[in-house]
Amino acid sequence: MADQVLTQHFGLENFYKIDEYVKKGGYEAVGKALQMKPEEILEEVKKANLRGRGGAGFPAGIKWGFVPKVDKPKYLCINADEGEPGTFKDRYIMSHNPHMLLEGIIITSFCVDIHTAFIYIRGEYEAIALRLEEAISGAYDKGFLGKNIMNSGFALDVFVHRGAGAYICGEETALLESLEGKRGNPRLKPPFPASVGLFQCPTVINNVETISNVPQIILNGADWFVKKGLPKDGGTRIFGVSGMVEKPGIYELPIGTSLKDIINKYAGGVKKGKKLKAVIPGGMSAPVLKADEIDIPMDFDSLVDAESMLGSAAIIVIDTGTSMLDVLKTVTKFYSHESCGQCTPCRIGTSWINKIVKRMIEGKGSKKDIDEIVRLASNILGNTLCPLGDAAAMPILSITKKFRKELESHL
Amino acid sequence: MVKIFIDEKPVEVEEGTTILKAAEKEGISIPHLCYHSAFPPEGSCRMCLVEIEGLPKLELACSTQVRDGMKVFTKCEKVVEARKGVLEFLLAEHPLDCPICDKAGNCKLQDYYDEYGLFESQFRENKEKREKKDAIGKSLIHDEERCILCRRCVRFLREVTKTQELGVFERGIHSRVNICDFAPVDNNYSGNLAQICPVGAITDTDFRFKTRSWFLKSGDSICPLCSRGCSITIEYHPGFYRFEVPKKVYRINSRENQEVNGFWICDLGRYGYSYLNENRQEKIALTNKKMSIEPTWESVRAFVAEKLNTLNSTGKMSQMALVLNTWLSNEELFLFHKIFREDLHVEKIFFVDPPQGESDDFLLTPERSPNRRGAQEIGFDIKPASLKALAAKADLLLVFGSFISGHFGSPEFKDALKNTETKIFFTSHVNELNSLFDIVFPTALIAEKGGSLTNVDGKVQKFAPVFEPPDDCHSEWQILTDLGQTLGINSSFYKEFKTPEAVSNKMKEEIPFFREEK
């Protein structure tokens, strides 16, 4: 597929090894970037409208621009925690194409005047962490990392830090706490990490996929990148399709590709013998779409208009053979298990709702319980310390709203 | 200065002030549980959410700084509903054991429930079972079911004592505050944890199940147990006269004083209050039956005055010794100096204080008396009393303060005093040396009188009586003004001292140290 930016070399043998990568034109982007002025790089990334691939969709260039020019160390943290249920794109990038991520890290660091970068990777990705370590040591050997990168005088060290398995550590400030060796609890914002981040220093935090796009933007220019996607939302997305489809997997497609096409054309449609019931379009925290709502372009703004979100572009397909009460149970169980417990509404609200849903599954529920779930989820929404509370409340509210009749039929 | 509007009321505050502080300044209280002025905002309880015009979500009052022209609403429907929601969450898992909870009566969770709803619980699931009586160190008991995870205790140990004994374990609904194995809370300030806990999660065995907070009265005082002079609140049961239940002190709490102790007191000051309840010398005791005096202050005063005047007129002032202590207030020490140094020219003035003890690098000083610095500023040379000095042949010995019993054993002291003709003891407490004196006269404690103390850093702090002294007890400043007048050497000088403030004003006139604002 000509549209591929990130996954074009995924099939090649040994592409994760530095020699193969360099043979195919690897680290040319770094070479080019080091000849540019940092401001030029920033301008190019801003023009490319590269929006955060982690979930929030914040424009990367603008985020970098927030970093104050102070006489303090600055840090880059790559969020490779990939904890959102349904999301499995970053692991592919890191295992098939780790050097593209490293190139992105080097260019970003050069642009923002950073000399230390961390890749915070979820603990379960042990093999991938080892692969990253191998890639990093290869890059040091070739002079792409270290004291004097490609004789430019620019210095950068990259470290891999493995998490211990908490969803909350994908939240950027909890990630920083965890990286500092503390309990992974989110911090109160403001101050934002761009000004007070890791070890109280200015810090840029970006998702693996976001940073992996940077080398291509440098090589091919912002205009080329924007054309890959939409004017306000440049490039491609790696859509991770899972659930009841014939061909689950990752599909790199232009931003704005129709959800219907992704499911039917690329992922082979709903499993034979079943019909589509619902789709969660952006990881489990995204509000659910009904079968008749999937004719929608997959970009941040269109999904916001549809009262859902693109999130991490993890598409979970639910067929008519799946009970929405089970889906609800999976959602509430996950969030009550993963709530860090720091703030009241999330700690107690998610657990309370989970207890009600469990009772409903046991056949001891009533219609009043659904009202109760809606009331409690509304009390969580918008009132928590970090976005985990919203992430829990949104799917619960959308399932109870859109599938109320079905839920009632299970009681 | 920036101008903001809280509930449409214009308020002017300094830049950088938080909404919570700005509201407090205007007398508008915004409910909060995790926020404590001693620590940076935590933002985890979510009780202080307020509405700010132009912002889509509710914001935290504890951490949001004011901006010029900001319009804040603290009582609108949206805010009240959000508070109710948070409160409902907190109470869902909270046990209904207020009837046996020490915190009942001054529990913030109770107060807010009273204020925001008195709603019925909608929680029909099973509550989490947790540890109810976890000994977390020294005298502290942690009830995990009552804990609302405000983490004030965790932050106190991290930021104030830096000992970090407590942490949060597990996550989500299973989160709980606890100690690491084998490392209980053990520092000089652990008692503060029970005080800063906004609910009854951390209770103190010293207070646990002994009384109810609504029976207690409280009064502000200064801790006399070291020379730091921390601000405290004494909580006491006034007693039931009908059932012969006497007054009793149940608890000492710290009181905010940014110039001295911040928000905290040490455990010595917190738990060392038994002297307020036990072994008080309540009546005048006349041990020497040969003396013809009545057990009244008037009679004792006349006797002492006559004795002093005789010694003075016969030029035998060197035949008397005076023992003082530095639990006496500035005013009292000033009067002692006036009468015995300036009027009577007594040479033998000694001091007996409680023996020195441990100190730390925070609040606790080694001295176990509150006014050593004051005595020095007034002009006393603090000479400790020795048995040898007291053993000299003498006509009169006046001892103020009960601390001699900590220094001298009974047989040696008796032996030393055998050459002294008349021995008079002014003491707040009964002790084993009482029988060696001819007259024992009861005195009041700092909690029972007024005056001022000078702490180790030279800060002069006023205190007022919290409760009445028992029966015959007199404050030393009263004893001295009465004695000064009866002596007749300089009667008019002492006549004007009707209150400790009057003494203080005179002291400020005469000693520049007390004149300056400190």
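Calculation criteria
- Residues numbered from 1 in each chain as written.
- Chains lettered and ligands numbered in written order.
- Predicted model: local features only at pLDDT ≥ 70, side-chain atom pairs only at ≥ 80, totals over all residues.
- Heavy atoms only, no water.
- Domains from an automatic or database assignment.
- Contact = heavy atoms within 4.5 Å.
- Buried area = accessible area lost by both parts, 1.4 Å probe.
- Salt bridge = Lys/Arg side-chain N within 4 Å of Asp/Glu carboxyl O.
- Polar contact = N/O pair within 3.5 Å; in protein donor to acceptor, adjacent residues only side chain to side chain.
- Nonpolar A, V, L, I, M, F, W, Y, C, P; charged D, E, K, R; others polar.
- Core = buried A, V, L, I, M, F, W, Y, C linked by side-chain atoms within 4.5 Å.
- Buried < 20%, exposed > 50% of the residue type's maximum accessible area, 1.4 Å probe, protein only.
- Helix = DSSP H or I, 4+ residues; strand = E, 2+ residues; numbered from the N terminus.

*Asks:* What is the right way to read the domain arrangement of chain A from this model?
*Replies:* Reports often express the size of an interface as the amount of accessible area lost when the parts come together. All names here are of chain A. Taken as a whole, chain A is organised into domain 1 (18–228), domain 2 (236–319) and domain 3 (324–408). Using C-alpha coordinates to define each centre, domain 1 is positioned 34 Å away from domain 3. Facing twelve residues of domain 1, the contacting portion of domain 3 comprises ten residues. Both sides together, the interface formed by domain 1 and domain 3 hides about 870 Å², and carbon and sulfur atoms give 67% of it. For domain 1, the biggest contributors to the area lost against domain 3 are Y167, I168 and P186; these three give 54% of the whole. Along the contact surface separating domain 1 from domain 3 lie zero salt bridges. Between domain 1 and domain 3 we count two residue pairs in polar contact (both at pLDDT 80 or more) in total. Looking at the side of domain 1 that touches domain 3, its residues break down into six nonpolar, three polar and three charged.

*Asks:* Is there a simple way to explain the interface of chain A and chain B in this structure?
*Replies:* With 35 residues of chain A at the contact, the number on the chain B side is 36 residues. Carbon and sulfur atoms supply 51% of the area that chain A and chain B bury against each other, a total of about 2800 Å² over both sides. Along the contact surface separating chain A from chain B lie seven salt bridges. Linking E128 of chain B and K355 of chain A is a salt bridge whose minimum nitrogen-to-oxygen distance equals 2.9 Å. Our count for the chain A to chain B interface comes out at 16 residue pairs in polar contact (both at pLDDT 80 or more).

*Asks:* Please clarify how the nonpolar core should be interpreted in this entry.
*Replies:* A general trend in soluble globular proteins is that nonpolar side chains are found buried together. Core analysis: the largest hydrophobic core is formed by 166 residues, its most contacted members being L166, L276 and F437 of chain B. Residue contacts for F437 of chain B: discarding those within four places in its chain leaves T287, L397, V399, I404, F413, L417, K423, I424 and F425 of chain B. By size, the runner-up hydrophobic cluster in this structure holds 64 residues, among which are F10, V30, L76 and A222 of chain A.

*Asks:* What exactly am I supposed to notice about the pattern of salt bridges here?
*Replies:* Where charged atoms of side chains with opposite charge meet at close range, the side chains can pair. In the structure shown here, the tally under the stated rule is 60 salt bridges over all chains. The residue R187 of chain A makes a salt bridge to E180 of chain A at a minimum N-O spacing of 2.7 Å. According to the relative accessible area criterion, R187 of chain A is buried, its value standing at 15%. A relative accessible area of 17% means that E180 of chain A is categorised as buried. Where R251 of chain B meets E235 of chain B, a salt bridge forms, and the shortest distance between an N and an O atom there is 3.0 Å. Here the residue R251 of chain B occupies a position in strand β13 (residues 248–254), and E235 of chain B occupies one in strand β12 (residues 231–237), the gap between them amounting to 16 residues.

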